[in-house]
Amino acid sequence: MATVYLAEDVKHKRQVAIKVLKPELAAVLGAERFVQEITTTAALQHPHILPLFDSGEADGFLYYVMPFIDGETLRAKLDRETQLGVDEAVKIASDVAEALHYAHEHGVVHRDIKPENILLANGRPMVADFGIALAVSAAAGGRMTETGLSLGTPHYMSPEQATAEKEITRRSDVYSLASVLYEMLAGVPPHLGGSAQQIIMRIIADAPRPVTELRKSVPPNVAAAVSRALEKLPADRFESAKAFADALADRHFTTASESIAGSVSGGSLGRWLRSPFSVAAVALLVVSAGALLVFSTRDAAEPMPVPVVAFPLIDSLTAALSFALADDGTMIFVRDQQIFVRRAGELTESPLGGVFDTVASFRPILSPDGAEIAFVATSGSGRTRRDVLRRASLRGGRVSTLWTAEDEVAWVIPLAWSEDGSVFVTLAQGSTFASARIARLKESGGEIDTITAALALEAELLPGGKAVVACVISGNSTRVQSIDLATRERVTLANDSCNPRWSPTGHVLFSEFDGTLRALPFDPHQLVATGAAMAVLDGLASDRSTGQFELGATGTLVYVAGPASRTFEGLEPTLVSLDGSASPLPLRRTDHGDADFSPDGRLMAYTRDGQIWLYDLDLGTHRQFTTVGGFHHDPVWSPDGTRLAYRARRSEGQGGNIYVQSLVGDSVGMHIGGTDDGDNPSQWLPDGTILAYQDGPSDIIALSADRPGAPVPILNADWYEMRARVSPDGKWLAYQSNESGRLQLVVRAWPRLDRKAVIADSIAAAFHFWSPDSRTLYYAWRGNLIAVTLGGTDSLLAASSRVAFEQLGGTPAAMHPDGRRFLVFRPASPQPTNTLAARRSLIVVTGWLTVLRQRLADGVVE
């Protein structure tokens, strides 16, 4: 963690040792927090503790100062002598234990006891760096992975340190000291390995040889004390360092447990594996070597019984990670635009051979026999760039193409691979999902069969192959739906959910945005839910999607655990002008990029925290407008500026959830209706009509703003039409449509809709705006604001097109009535992905079906 300098304290005329933390570590910690955390350790005064003289920051470098000891470290002595005399070794360990007990009583745990941190001055041991590891860890706030450094030294780590437990107690120091004593007596540490990873695995899963097997002269009480101090489970060790020292001095001390090997292979290891440690790192041994996983074949009616063990993998997780789980325990990861495979029987992962493409981050799908995967790659560059769906053997060396996009704006998401050789995918055209369709293609080639017009992120075939369950994006929501492959009928099973998976218990599993995993009893033949969904697991990590998980055929669950909060840092509202200037508004970040200006341009209605807020541009004040219900968004002003229409989620609205609320004297609003698919207001017309578009089929409808009623279809077709806006002069209707297979900006004559022209092709799904004179349409394209001027007062033809504002830096949501300013929601700086990864773990739970069945029976989730 640091570089050590020998220096002279000119004031006190003495030599000192200055430790300067590595710059990358100092950058993570920050001077103020580090100095604050290290203050506690500076108060420790003990004969066997190396004191702390000073600490601070200089020119960005963090440092602390200790006395210079003219001696050697215990490491140097061991390197020279290999083994120490029994009495000398016990004396050193007892003195160190005394120092540890003193520190523990003052609330400080060392966390890094090792021969390098034990200095020998005239034969008297002094513990160095006391509490430094704690200070660094606390100051980092859990961000140690940003530095590439770790706290603790593998040979002397306690199992709970190796598994990255958050709470490290004094019993961890007892374990580390016992490891040091073991090496002083036996000449080697308790666990050896060719790499740090192998050592950590053995700390967690292996029992060290009793020290008497390596050195017969070790007294029985010393061997027994070392044995107890090296127990895997902290509760089975000595409760304090003093108790350990007392046992070393007590010739009559014996441990109630058997030898280390017997104890670990019996109750202690079993209790430890069932404890909340989640066993990090060494899960590699458990999973890859197959020590605890018993795999069955696909044809087995029930998986063979598997021990219930939970642990995280330490080297297979980044913030952006997609993964799949094969029946034999092989894990496939997509990250850093590569495919990595951890095969059953291997301790580490490696790139999949034969794949030289740039790989997209979509989840790979497995072939029915588990021997191949299908994944998305990018081929070519520039105008020749194409998305390609490829298949590759997990043994490496064989890669072929299943599908190639026709042009550079087409894209594909792999969903599922059926027994009959069908590969289910989402296909789309353009930069949006407006043209998305779930389709089926044969691995042998041929025609593409469209199942339904929808965007699915993930899907899984149900038993019998009659239907799939899919995660479908619909408007502003994510839903789990069943799709009948014969009738093409879609039924929503859960809202605000994703990652559907089938469980042999007869349930559809899915995850929610709050990090909850739920199980819905479901009949895969009748395609109906047979009961209510129940929470069966908490703690799945989530960001802008729901938590990722996989359930293997043998009942092994793999999921990403961590904060159930979105990494999305919010949107910052900014006013940009056609003259090129930009002015951020002094408002909190929002979570929904939509807004509308009042007709006089003084007030701005916008969404924040699921409610509608009003901001006064002249006074700089803002207030909350809606207070009832949730999920408020898409506010639109009435022509006279006295009312707002918006979408909200309330019980009386069900799917049709458009409300109208007055600015004065109304705190609830009136539900005016809508369709079951859920509707988003886009404009309020002078005649009291509110135009809206649907979440599902995205047809354009009209509702009365004055009373509840049935919606009136305006544009209703087999393709998408959305974001309808009538020009200020009342002659034209502009909307977005994917009738051509690409998202286009279309203008029709209003209100007869008898003339039509395409104004812009292959646009993004964003807002568009009419200029006050109805001659110009503005829309977003490739980060720029484009202005299209129509040919004349009665012409639908686009006479010219130009860039009105370069590099908006976000999504335009509203145009000010002055026609010169636009509200743009710009994404705030996201959280660094390595910080997010530091707070996440990839958890493996073997035998999880046993747990699931019990929780379903008990109705309890832990």
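About the cut-offs
Residues numbered from 1 in each chain as written. Predicted model: local features only at pLDDT ≥ 70, side-chain atom pairs only at ≥ 80, totals over all residues. Heavy atoms only, no water. Buried < 20%, exposed > 50% of the residue type's maximum accessible area, 1.4 Å probe, protein only. Helix = DSSP H or I, 4+ residues; strand = E, 2+ residues; numbered from the N terminus. Contact = heavy atoms within 4.5 Å. Axes fitted to C-alpha atoms, helices over the stretch in contact; angles between N-to-C directions. Parallel < 35°, antiparallel > 145°, perpendicular 65-115°, else oblique. Left-handed = near helix turned anticlockwise from the far one by under 90°. Nonpolar A, V, L, I, M, F, W, Y, C, P; charged D, E, K, R; others polar. 1 Å grid on protein atoms, 1.4 Å probe; cavity = no way out; pocket = protein on both sides within 12 Å on 5 of 7 lines; lining within 4 Å. Points joined across faces, edges and corners; volume = space filled by probe spheres on them. Pairing = 2+ DSSP bridges. Phe/Tyr/Trp six-rings, centres within 6.5 Å; stacked < 30°, edge-to-face > 60°. Lys NZ or Arg CZ within 6 Å of the ring centre and 35° of its normal. Disulfide = S-S within 2.5 Å.

K.L.:
Sorry, what's going on with helix H11 (residues 241–249) here?
P.N.:
Counting along an α-helix, one turn takes 3.6 residues, and residues three or four places apart therefore face a common direction. Ala241, Ala243, Phe244, Ala245, Ala247 and Leu248 are the residues of H11 that are buried. Its buried side turned inward, H11 meets helix H4 (86–105), helix H7 (170–186) and helix H10 (220–229).

K.L.:
I keep staring at the packing of H7 against H10 and nothing clicks. Help me out?
P.N.:
Helices that pack against each other are described as a pair by the angle of their axes relative to one another and the distance between those axes. The contact between H7 and H10 brings their axes to 8 Å, and the two run at 140°. Regarding the angle of H7 to H10, the classification is oblique. Handedness of the crossing formed by H7 with H10: left-handed. Here Val174, Tyr175, Ala178, Leu181, Tyr182 and Leu185 of H7 come into contact with H10, specifically with Val222, Val226 and Ala229. Residues of the contact of H7 with H10, tallied by class, amount to 9 nonpolar, no polar and no charged.

K.L.:
Explanation requested: empty space enclosed by the protein in the structure shown.
P.N.:
Empty pockets left among the atoms are what a rolling probe the size of a water molecule brings to light. Tallying each qualifying case throughout the model produces 3 cavities of 30 Å³ or more. The wall of the largest cavity is formed by 13 residues, among which Thr41, Leu50, Pro51, Leu52 and Phe130 lie closest to the centre. Among the secondary structure elements, those contributing two or more residues to the lining of the largest cavity are helix H2 (31–42) and strand S4 (61–67). Among the residues forming the lining of the largest cavity, the class breakdown is 11 nonpolar, 1 polar and 1 charged.

K.L.:
What is the right way to look at the sheet that holds strand S37 (residues 611–616) in this model?
P.N.:
Pairing within the open sheet is antiparallel, and its 4 strands lie in the order S35-S36-S37-S38. The open sheet has two edge strands with one neighbour each: strand S35 (595–597) and strand S38 (622–624). Here the average twist between neighbouring strands, direction ignored, is 20°. Note that strand S36 (residues 603–608) and S37 share 6 bridges and pair antiparallel. From the neighbouring strand, Ala605 faces S37, where its bridge partner is Leu614.

K.L.:
Sorry, what's going on with the pairing of strand S1 (residues 2–9) here?
P.N.:
In regular strands, side chains alternate between the two faces of the sheet. When S1 meets strand S2 (residues 14–21), the two strands line up antiparallel, connected through 8 bridges. By the bridge assignment for S2, Ala2 is matched with Leu21. The loop that links S1 with its antiparallel partner S2 comprises 4 residues; one of these, Lys13, has a positive phi angle of about 55°.

K.L.:
How should I be thinking about the packing of aromatic side chains in this particular structure?
P.N.:
Where two aromatic rings form a pair, the distance of their centres and the angle of their planes describe that pair. A complete count under the given rule lists 5 aromatic pairs for this structure. An aromatic cluster is built from Phe238, Phe244 and Phe253, whose rings are joined through pairwise contacts. Positioned over the ring face of Phe53 is Arg14, at 3.8 Å from the centre of the ring. Directly above the aromatic system of Trp613 lies the positively charged group of Arg608, at a separation of 3.5 Å from the ring centroid.

K.L.:
Looking at this structure, I do not really get the packing of helix H3 (residues 74–81) against H7. What am I missing?
P.N.:
Viewed as axis vectors pointing N to C, H3 and H7 meet at an angle of 25°, and their least axial separation amounts to 10 Å. As judged from the angle between their axes, H3 and H7 are roughly parallel. By crossing handedness, the relation of H3 to H7 is classed as left-handed. In contact with Leu74, Arg75 and Leu78 of H3, H7 contributes Val180, Glu183 and Met184. Class assignment of the residues belonging to the contact of H3 with H7 gives a composition of 4 nonpolar, no polar and 2 charged.

K.L.:
In this structure, what is going on with the side chain of Asp387? I would like to understand it.
P.N.:
Tracing the backbone shows Asp387 in strand S16 (residues 386–393). If near-sequence neighbours (up to four positions away) are discounted, Asp387 is found in contact with Val376, Ala377, Thr378, Trp403, Thr404, Ala405, Ala410, Trp411 and Val412.

K.L.:
I would appreciate a short explanation of the state of the cysteines in the present structure.
P.N.:
Put plainly, two cysteines are in a disulfide when a covalent bond ties their sulfur atoms together. Here the structure, examined in full by the defined rule, presents 1 disulfide. Each sulfur in the disulfide pair Cys471 and Cys498 lies 1.9 Å from the other. A torsion of -110° about the S-S bond marks the disulfide between Cys471 and Cys498 as left-handed. Taken together, the positions of Cys471 in strand S23 (residues 467–474) and Cys498 in strand S26 (residues 497–503) put the pair 27 residues apart, joining distant regions of the chain. In this pair, the class of Cys471 matches that of Cys498, namely buried.

K.L.:
What exactly am I supposed to notice about unusual backbone geometry here?
P.N.:
Apart from glycine, the bulk of residues carry a negative phi angle, and the bulk of peptide bonds sit in the trans form. Omega for the bond connecting Trp750 with Pro751 falls within 30 degrees of zero, at 5°, which places this linkage in the cis form. Along the polypeptide, Pro751 turns up in the loop between strand S49 (744–749) and strand S50 (756–760). The residue Thr82 is not glycine, and still its phi comes out positive at about 70°. Position of Thr82 among the secondary structure elements: in the loop between H3 and H4.

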